[in-house]
Every structure is written in structure tokens, then in C-alpha cells.
Amino acid sequence: MSPTQWDLPVELCCRPMAFVTLTGLDVVYNAVHRAVWDAFCANRRADRVPISFKVLPGDHEYPKCRPKRTSYEWYIPKGILKTGWMNKHLNLVPALVVVFYELDWDEPQWKEKQSECATRVEIVRQSLQGRNTKVAVVLIQKKTPLPPGEDVIASERAAALCNACELSGKSLFVLPHTDHLVGYIIRLENAFYEHAQTYYYTEIRRVKSHKEFLNKTTHQLLFVRHQFKIAFFSELKQDTQNALKNYRTAYNLVHELRAHETNILEIKTMAGFINYKICRLCFQHNTPLDAIAQFRKHIDLCKKKIGSAELSFEHAAWMSKQFQAFGDLFDEAIKLGLTAIQTQNPGFYYQQAAYYAQERKQLAKSLCNHEASIMYPNPDPLETQTGVLDFYGQRSWRQGILSFDLSDPEKEKVGVLAIQLKERNVAHSEIIITLLSNAVAQFKKYKCPRMKSHLMVQMGEEYYYAKDYTKALKLLDYVMCDYRSEGWWTLLTSILTTALKCSYLMAQLKDYITYSLELLGRASTLKDDQKSRIEKNLINVLMNESPDPEPDCDIFAVKTAQKLWADRISLAGSNIFTIGVQDFVPFVQCKAKFHAPSFHVDVPVEFDIYLKADCPHPIRFSKLCVSFNNQEYNQFCVIEEASKANEVLENPTQGKMCLVPGKTRKLLFKFVAKTEDVGKKIEITSVDLALGNETGRCVVLNWQGGGGDAASSQEALQAARSFKRRPKLPDNEVHWDSIIIQASTMIISRVPNISVHLRHEPPALTNEMYCLVVTVQSHEKTQIRDVKLTAGLKPGQDANLTQKTHVTLHGTELCDESYPALLTDIPVGDLHPGEQLEKMLYVRCGTVGSRMFLVYVSYLINITAEEKEIVCKCHKDETVTIETVFPFDVAVKFVSTKFEHLERVYADIPFLLMTDLLSASPWALTVVSSELQLAPSMTTVDQLESQVDNVVLQTGESASECFCLRCPSLGNVEGGVATGHYIISWKRTSAMENIPVIRTVITLPHVIVENIPLHVNADLPSFGRVRESLPVKYHLQNKTDFVQDVEISVEPSDAFMFSGLKQIRLPAQAFYSYQYFCQATGSTHG
Amino acid sequence: MPLIPSLWESKANRSLEFSCLRPALGAGAGSCVTSGGSRDAARAGPPKLAVCIAVMAKENYPFYIRSTPTENELKFHYMVHTSLDVVDEKISAMAKALVDQRELYLDLLYPTEDYKVYGYVTNSKVKFVMVVDSSNTALRDNEIRSMFRKLHNSYTDVMCNPFYNPGDCIQSRCAQ
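Keep in mind that what you see is a predicted model, and the values were worked out from it rather than measured.

Visitor: Explanation requested: the overall build of chain B in the structure shown.
Guide: Across its full length, chain B holds four helices and five strands. Secondary structure elements of chain B occur, N-terminal to C-terminal, as α-α-β-β-α-β-β-β-α. Taken over 176 residues, chain B has a buried fraction of 47%. About 8400 Å² of surface is accessible on chain B, with carbon and sulfur atoms providing 55% of the total.

Visitor: Which parts of the structure should I look at to understand the nonpolar core?
Guide: Within soluble globular proteins, side chains that are nonpolar generally end up buried alongside one another. All names here are of chain A. Formed by 230 residues in total, the largest nonpolar core has its most connected members in Phe228, Phe587, Phe607, Ile609 and Phe628. Here this core takes 12 residues from helix H9 (residues 264-284), the largest share from any one element. Membership of the second largest hydrophobic core comes to 28 residues, among which are Leu902, Met938, Ala959 and Ile1002.

Visitor: Quick question: what am I supposed to make of the interface of chain B and chain A here?
Guide: Much of the literature gives interface size as the accessible area that the parts lose upon coming together. Contact with chain B, which involves 27 residues of that partner, is made by 33 residues of chain A. Summed over both partners, the interface of chain B with chain A comes to about 2700 Å²; 56% of that surface belongs to carbon and sulfur atoms. Contact with chain A buries surface across chain B, with Tyr78, His81 and Glu113 of chain B losing the most and accounting together for 28% of the total. The tally of links from chain B across to chain A stands at three salt bridges. For arginine 450 of chain A, the salt bridge is made with aspartate 88 of chain B, and the minimal N-O distance between the two is 2.9 Å. Mapped onto the side of chain B that touches chain A, the elements with two or more residues apiece are strand S2 (62-67), helix H3 (73-94) and strand S3 (105-111) of chain B. If one sorts the elements of the side of chain B that touches chain A by residue count, H3 of chain B sits on top with 11 residues. In terms of residue class, the side of chain B that touches chain A is built from 15 nonpolar, six polar and six charged.

Visitor: Explain the UniProt feature "domain: Trafficking protein particle complex subunit" (unreviewed entry) in chain A here, please?
Guide: As annotated by UniProt and renumbered to match this structure, "domain: Trafficking protein particle complex subunit" (unreviewed entry) occupies residues 263-521 of chain A. Within the segment residues 263-521 of chain A, helix and strand shares are 70% and 0% respectively, and the terminal C-alpha atoms sit 56 Å apart.

Visitor: Mind showing me how you'd approach the UniProt feature "domain: Trafficking protein particle complex subunit 11 C-terminal" (unreviewed entry) in chain A here?
Guide: The UniProt record annotates "domain: Trafficking protein particle complex subunit 11 C-terminal" (unreviewed entry) at residues 1037-1066 of chain A. Between the end C-alpha atoms of residues 1037-1066 of chain A there is a gap of 13 Å, over a span that is 0% helix and 53% strand.

Visitor: How do you make sense of the packing of helix H15 (residues 449-465) of chain A against H3 of chain B when you look at a structure like this?
Guide: To describe two helices that pack against each other, one gives the angle between their axes and the distance between the axes. Running from N to C, H15 of chain A and H3 of chain B cross one another at 150°; their axes reach a closest spacing of 7 Å. The pairing of H15 of chain A with H3 of chain B is recorded here as roughly antiparallel in orientation. Of the residues in H3 of chain B, those touching H15 of chain A at Pro449, Arg450, Met451, His454 and Val457 of chain A are Tyr78, His81, Thr82, Leu84, Asp85 and Asp88 of chain B. Along the lines of polarity and charge, the residues of the contact of H15 of chain A with H3 of chain B split into five nonpolar, three polar and three charged.

Visitor: Sorry, what's going on with the pattern of salt bridges here?
Guide: Any two side chains of opposite charge can pair, given that their charged atoms come close. The full count for this structure, using the stated rule, is 36 salt bridges over all chains. Between lysine 335 of chain A and aspartate 331 of chain A there is a salt bridge, with its nearest N and O atoms 3.3 Å apart. Placement of the pair is lysine 335 of chain A and aspartate 331 of chain A together in helix H11 (residues 312-335), with a separation of four residues, close to one helical turn. Judged by its relative accessible area of 67%, lysine 335 of chain A falls in the exposed class. Several salt bridges converge on common partners, so that one network encompasses Arg450 and Glu486 of chain A together with Asp85 and Asp88 of chain B.

Rules and cut-offs
- Per-chain numbering applies: the sequence of each chain, read as written, is numbered from 1 onward.
- Key to labels: chains lettered from A, ligands numbered from 1, both in the order written.
- Totals for whole chains, interfaces and linings use every residue, but because this is a predicted model, local features are given only for residues with pLDDT of at least 70 and side-chain atom pairs only at 80 or more, for both listing and counting.
- Calculation of side-chain values draws on the structure's entire complement of heavy atoms; hydrogens and water are dropped beforehand.
- Secondary structure elements are defined from DSSP: runs of H or I of at least 4 residues count as helices, runs of E of at least 2 residues count as strands, and each element is numbered from the N terminus.
- Here the term buried applies to any residue with accessible area under 20% of the maximum for its type, exposed to any over 50%, and partly exposed to those in between, with areas from a 1.4 Å probe on protein chains only.
- The method behind every accessible area is Shrake-Rupley, applied with a 1.4 Å probe, and residues are considered shielded solely by the protein chains displayed.
- Side-chain atoms within 4.5 Å are what join buried Ala, Val, Leu, Ile, Met, Phe, Trp, Tyr and Cys residues into a set we call a nonpolar core.
- In what follows, residue pairs with any heavy atoms lying within 4.5 Å of each other are defined as contacts.
- Here's the idea: put two parts together, see how much 1.4 Å probe accessible area each one loses, and the total over both is what we call buried area.
- Note on definitions: salt bridges are taken to be side-chain nitrogens of Lys or Arg within 4 Å of carboxyl oxygens of Asp or Glu.
- Residue polarity is assigned by list, with Asp, Glu, Lys and Arg as charged and Ala, Val, Leu, Ile, Met, Phe, Trp, Tyr, Cys and Pro as nonpolar; anything else, Gly included, falls into the polar class.
- UniProt positions are given in the numbering used here, feature names are shortened, and annotations may be inferred rather than shown by experiment.
- A fitted line through C-alpha atoms represents every axis, and for helices the fit uses only the stretch in contact; the resulting angles, taken between N-to-C directions, go from 0 to 180 degrees.
- Here is the rule for angles: anything less than 35 degrees is roughly parallel, anything more than 145 is roughly antiparallel, 65 through 115 is roughly perpendicular, and the remaining ranges are oblique.

This is the structure in C-alpha cells:
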């Protein structure tokens, strides 16, 4: 009995193909024969007929055929199926023997050759005596044959040869050895295939013919055997439908057999074989549901057929094999294109196979625990003469015995013992692990992550039983996080317990500590006594001692482990283990919380570290350190409590670092932030908590950020959703759930203690030097240094404003484009407490509109915080919005010398330019002076002195000026003639003496100049006296180049008496002036 | 201080009476009664209705899990946990269907050699899983459905209990 006795035989698992032997081929020395043989063998793809060929010598001895039984009356079968039968028909007994013979139709020595060929056929026939095997002859010819019927000699000689060899014409073939060898070979093998099918058909008929002789009482076994044979022959015939039908019948028949403890194995073996064939064919026919249904039926029927209780492990082994074989079939079908689904895939069968393999192991463990002194029986009852069994599924020590009574109980006992002893040597774990890993591969493919994890746990446990702890740990460690992340604590605890055992047995310190930490934690569902034990072991390990062995471990493994632990102790160094907690759930929880989201730099930064232990006993930690993104602060946040190694559990309630289970411990830390960190974030990057000390072993638990482990985010979410009212606790205690981690804080600058005032007179006037008085007063208790002022246009406004706004400290000179919009860091010296300083700023705004101005005062001050002197930089800013307006409006109009409004002026005729300056400023303005700058085309009639010098205008008041101008004739100018500029120099009346005057230039409008032909100018005295003559003088001036006829008529008013010509006609010369006098006397009344 | 909370606790414990584990009272299949008064009947023995029932949160951690053969609890825990693979798959397939056509009952999740595992999911993605002995042929689809419906009602009752804290494991007097 080999360990693989449960494997299905190869001849059962292969696809049966017609067996054809080729004789007369010398494939070693004859190149032509070799080529023929190669053509048969090479490229046997699915499109070629299913035949298995074999080259044999012509005188090969085929298995002898037993003489035909004429009557079954006295025949009693000894078993169901002989072990050699399938192989015999697959590989030994051919359906067709082909005799190859080199012979051309025009062979000169035809007679001799013909008889030699006949002899060869005869020899083959002799060795096949009694069998229905067909014989065929293939003539290998050098020449290409002529088309049938044309070669007369050929057909004659063919008939003669057939006759000589006693062959039918259908069994004689010609193989011309020409270029088209493969084509001929394919035609040949198709012909062979037909012969083979006929052979298997007759075989089926032959077996069927036995049936009528059988009777149900003594030949029950034969019913199964025959049915199986028919099905098998059908398969060889490639008639899979009938094969399936017959296998099904055979399957039903096998279960009709009378089962007893002695033959149950044979029945199960055969049932398994037939079931395998049925399932295989169903998959082949693409009816996977039929295959599954058959398999289920098979399992249901056989599940309870355990057989001998002493050998019940055999049943489990057989069951396991059934599932495995089906899984293999299923998997193979998938590879050929079948689609499986999540709930129906080969993985389930491998899984079940693994379960039975585990059961086998359990049963073997309990049944095969013989004393070491019991020797394997001699002679070996499992040995047979031939080395193999005659029938499938029988016991070697009672082959062929059909009686249900045990004729020799002693022999039976020895046989069972032999099997049990053999079973003890089976590597069960290996089998189980292989099956499980098969299943894992399948479940991975069909989206079953949890099933995969579960199977991996089982694999890990199996490795543990197989004492391969390294592999066990690897697998368990891999899946732990899946259970942890989904919060299945019972399952996690069970896995951790196994993992702890593995790490104990290997004396893997770090793993041992990690698993202990988690098993003590809140994720563990262990009972308190277990936790206490683990905690004690953990403390022992930390004190550099060996832990107690884990329960339920193999005694020998424990011995080895104890030695390993002892060795570990003597080893010095590398006794500090840092364990990151973010991936598991340790028994200490940690939360860090800054007291505020931001701290001023002059007050100490404060935060709390909350710790809570979940282990059963109080525990003392040796050190706590907090790390920050700025490592400078790390040194301030360390608590170290010197304690002797053995004090870890003593004096439990004393000391800061001793945690009482379930109680939240709050540890306050304080440090002063660096002034460089103002405006930066201070973050806790990690919290390290050390257990044990350097003299023994030391574990450092490392929390990333402000604490929290694998389970805490879920817990926090749950706590947030919860509306449970928490019972009140004493003042200094807090509820763990209510603590929210705050791992970072901002450092902000110190609150300034100065006042900044702005004094000014809004609105600003365009282009003026607007004065802004900044008053800074210190309210600090000590001197402040390095006061700096930044003032000007607040950045971030319209970019155009920057171009049109200029700031200076010096108001005595006008600022131009080169001045900045913002003055930065103007040093203004130091200030004593209470002292105040004033700074004047001048702003010049080129455009109207509102602007935001910023005044920013910064200073340094020395502060003592936590007995540490620090220099703080403080600052205060003020912003102000200032409106800029035009100081005045200037209106300009042209009037005649008689103050009549003019649309246009006349060439060479004097006119008046009137300016009107209306103050729009809310503050009084002083017009320092005004100036008229004439364009070259304009001339002045009299002096252009300013008439508004030093005029003060209140709001709404206006100042007007009048200039008499004349414009010479220029011809027709499009758009009029430029007049010139009017420049006003002004300042605020309130402005100081040294403030420069602002010149505002106003461009005067263009005026249309028109030429006129005749100009009349009346020269009237400004007054007349009653009854005295009043001389009236009219000047007529011809402005043209031509002489003009002028008629003048005077129509005096009734108030005057008139003398002189009333009507005159005269020619007026070009560019000539006339004076016309007339006198009028009269009286005015009222 | 401790007086009032303890009163609350006792009320909370009475909240869930999962009767599916208990034998069917009287004839007929859907006779699981949601009342606390039949605890004696619970000890009366077979035929059991389900060997294991479990309630899982949206996040897949167990709220409540109980199996009748208590000696091999872990096996059932694993079985329920692995069945979530199929539940997840069914839920994601269901998400594509229209809301009002949604069926809460998920049918047979997968059969093992000895047990059948059934699933049910509420609209808030709370999962119920029930493990039934394969040999128990008395349970047809309809019975399983009605058991789930009762379980769902019991669960709803628990959720309606003002003393129950959402997210906590469910306590049942049956389980003690």
C-alpha cells in the first residue's frame, strides 16, 4: 500500500482512445519507416482522430485470451473489476493491428513477396488468437499509384494479395512514399479509426451477450463489471453519450450490491471510479449541473458508508479524494472554457476535501496511537505475490474472498494493524495544506476574500500542527488585519492565540510581545484568567526571564522552546523592541490633546497625554516621550520613572506612569514655543511609551500622530453616533470616549499692547500732499525696542492704485512717480512704557476714488515665560479707508466784450475768457495764484495778471477771472483753435507753511474762430448829461479784400434828439476803417 | 448615581428576543413567537429552527451572533463571516436594481456539506445571516423568509428602544 493508494488510477483518468498497433516498421534504421511513424505521431491535435498508436514487432505476443465460457452457472466472480483490465484495453489489446510491408505493384519477384506478406499476417493472427482484433495490411510503395481502374496489374495483384492474406479488400491499403505523406497518413488513420470502431462495437456486443447467462443471486458483481466494460468500450469507441448512459447504469448497480464491512471498500472504490467517469463525461458534454448533481448524489450515498470503525480514517481519506478529484475535474473544465461563479466553484470542493483530510488526520491520531513497541507485522500482510491487487478495492490478505464472515480473525487483525501503522506515517498536514492552498487559489479567483482568509487561517493552524511555525506565523500574520479591520474580535482572538503559541515555540521575542500586547487589549475576547496569565508571561519576558509555556502545546516542542528561551536570555544586546501600534490593538490606548488649537508665543504650550490600560492588572511603564515635527521640543516632553526591573507590577497605584486598568490617566506637558515657530504648526508626530527597562528587555509602543490604533477610528465614530449618557465622574477624571485627539496646534504671535491712532482730515484732495498723523503709544510694562512702522497703500488692491498713490515722510516737497505706494519698516526707535510717538506721513493720490491704507507697527519685547526669557515680536496694524476727491471745479466760458455769450469768436475781434473756480473741498482752500498760459495762436489784449491771488475759498464758494483776448485770423481750422492752459496754484488753508503749493493745470477749451466781412464798433461815452450832446462814434471796418457798399441808417430812440446823417451810403474800402460821428441830445427819464 | 443606569441596563437587556433559535411552538412553520415568556420551551430541545443566527452592522462587524451548539462556536463565526463575501456580492448586484424592486431576502448564500447559510439585508445594510442544518428539510424558502422577517422586526424593536446605544453589541436574554 503506497501513500497514494487513494489516488485514482491513471488509466481511469485519461481519455480512452482506440488502440492501434503498427507492425513491420523499422523506425530505428529505416528512414522511410521513421518518416511514416513520425507522420502518425506528430501534430496529434483535436482535428485528428483519437487513436493511440504503438509500434510493435510483427511477432509481438498480445495478452492471451481466456477460453470462452460456455456457461456461467458454476462461475462465481471474485471481485468487481480487475486492476489490469482498463490498462489491458488501453495499451495492450489493440483494436487493429496494421502490417506494414514494402511492395510495389510491379515488383519483379511478386510471388515471393506476396507469400512473405501472407506469412507476416499469419503470424499476427496467431498471436491474436481468440480476439476480435482486426488486421490490416499497408503496402509502402515507391511509385505514385495510377487512378483506380487504370492500372490493370495493380487490381489483379491486389485481389491476389487479399486472397493470400485472407483479407477483405477494405483492409488492404497502399501508402505511396511521396511528397504528400501526411495527407496519405491522415486518410489511412481515418480508415484505421473505422476499423477500430467496428472492433469496439463487436466487443460491446460480446459483453452484452454475456448478460443473459447471469443471475441476480450469484452474479451481482458481474452486472457491475459488464456494465462498466460496456461503458468503457463505448468510450474507446468515442461514443460518449452511450458511455455516460452505461456508466450511470453501472453506478446504480454498484449501489445495489450487498454491502458489508468486508467489501465496502471495494464498493466505494468502484462507485468512486464510476462517479469520476460520469462527472468527467458530464463536464465534457458541457452539462456541469449534471456533473454537480451526480457528485452530490454520490456523496450523499457514500457519506455514511464508513466501513470498519478501526479503519475509519480510510473513509475520510476516500471522501477527501472524491472531493479533490471533483475539484480537479471542475477546474479542468473551467480551463476549457466553463464559467464558474462565486457560490459554485472548485474551491468549495477543495475546501471540503481539506476538511475530510483533517478528519482523516483526527481519526488517524486517535486510531493509530500504538505504542512504539508494537512492531510492523512480519510477513507483511499488505504484500501480494504480484505486488498489486487483483481487484480494485480489496484487502490484500483476503483477495477474492467474498464471504462476509471473517475466516481468519487473526489475519484480519494483523492486516488492520499494518494499515494503521502505515497511516501513522502519512504526512497528513502536507495533504491538508495542499488542498487548502488549492482552495485559496480558487476563492481568490472568485471574489471571496473572507473565505480566502478563513482558509489561510486553517492553513496556518495546520502548519502549526505540522510544527512549521515560521510558515504558520507568516500566514496568520497576513490575515489578522482582515479580521481586525472588520471587527470580528472572537475570530481575531482565536488567531492571535495560535500565533502566540507559534511565537512562543520559536522564542520569537518581538512577535511574542506583539501578540501578548494585543491579547491583553480590548480587542481580545479572552477571559480574565487567560489575560492574567499572558500578562504575567509578558512581564517575565520583559524581566529577561522565560515565559511559561502556552497551554495545549506539544510537550516536545515546549522542551525545545524552553531551551530556545534560555538561549535568548544569555544573549546580550538588541533588547529594545519598538512596536508600531497603528496596525493592531494593544492593551494601552493613547490620546494626545493640545489644550487649544492655537497658542500665543508668550504663553507655554500645554497638552495632555491620556493613557488607558485594558489589561487585568495595573502596570507600570518606564518612560513616555512625545516627538514633534520640530524636534527641539522633544526634550521637554519626556517622563521617565526610574524603577527597578521587578517593580513593574509592584506598588501599582503609585507613580505617574502606573496605569490602573480601566482608569484614564492624564499627563500634562508644558513647553515654551520658539519664536521662530510663530505662524507655524506644531504637530505631535509620535508618542512612545516604554515598558520594561534597559537592563531587562524594553518594549517601546509607538503611536503615530496623536495616538490611536487599528480599532480606534471605528470606536470614535461609534462614540460620536452614540447618545448614551455617560455617568458622572469625579472632577479630575474624564471619559475615554469623550477625549478627542488633537495632535497639532498653531503658534501665533503675542498680543500687542500698544495703541496706534491715525489722525487726518478726510477726504484727500487730488494731488495734494495729504497728511496722515500716526500716533503710537506703548502700554507695555517694559521698554519696547525696534519699533518699526510700515505704512501706505494696503497691498492687494487694484494695481492702478499703486501707480497713482505715493507715500513719503517728507511733506516739504511734492512727491513724484518715483515714490513708492507703501513704505516698509521705517525704524522709529524704542519706546518706554507709556511713551508715545507721532509720525507724519504724506500721501499723494493722483486719482479720485477710495483707497485702503495700512499702518503696521511692529516691535520687539523681552518676556519671561516659564522662567525663560524670550524675545517676542509683536505687531499691530490699523487700516483706514480714505476717499480722494477733486478740490474744485473749473468752468471756462467765452464772452464778447459786452459779456454776451459767444458760441464762436471772430478773428481779430477782442473777446473775453472767463474762468470760474468753484471749491468742492469740504475744507477751505487757498488759491495762491493763477496763471493763464496762452496758446501761440492767441494774443492778449491787456496784461494777464492773476486776479485771484491769495483768495481763500470756503466750500461752495467760487473765484472768477476774466481775460481779454484776441485771436488773429487763421483761416478755417477744424475743431477750433487751442486757447491755452489755466494753471491754479493752491493748497489747503489749514496746511502748514512748508507744505508745497499744488499746481493744477486746466486745459482751456478750443474755440471756433470765424472771419467776418464788416465789423461795427460803437464808441459810446460811458454816460451823458441831460441836454448836452452825446457824441456817438461808430467804427465800421471792412475786413475783406474788396470794396463794399455800405448803407447806414440810424434810428434813435425817443429819449434822444438826434443830429447828423440819418442815412448814408458810402463805399467801404477793403481793410479800411471809417469813423462815423453823430450827435444825439436828449433826456432820460427814469 | 449608579441606581438609575442599572435600571436602564436591565431594560436594555430585555430588548431583543431572537426567537428563531427556539423550537417552533405548536404546529406550522412560522410559529416563532417574539415574546419573552417561552424560555422554558427554549430548553425543550429539538427540532431546532436554525443552528446559528447573526446580525451584522453596515460595517460588517457583528452586533449579535449566537449558535446553539455552543461547543463549536468558532466554526459558526467563521461560517457567518465568510458568508459576507456572498452578501457583499449580492448587495453590489442589487444596487443596480431599482430601489422599490429591492428584495431584502438574499436567498441561500451557499451550501456547505452540513449546513445551509441564508442571508437577509435591511435597507440600512444591516445584515442577518442564518445557518440551518442541511438535514433540516422542514424549512422551505417560505419559512426562512418569515423567520428573517421576524428577526428583522425584533431588530427594529431593539433599535426603537431608547435605552439601546446604536453600534453596541446587542444583548439578548436568550443569549445569557
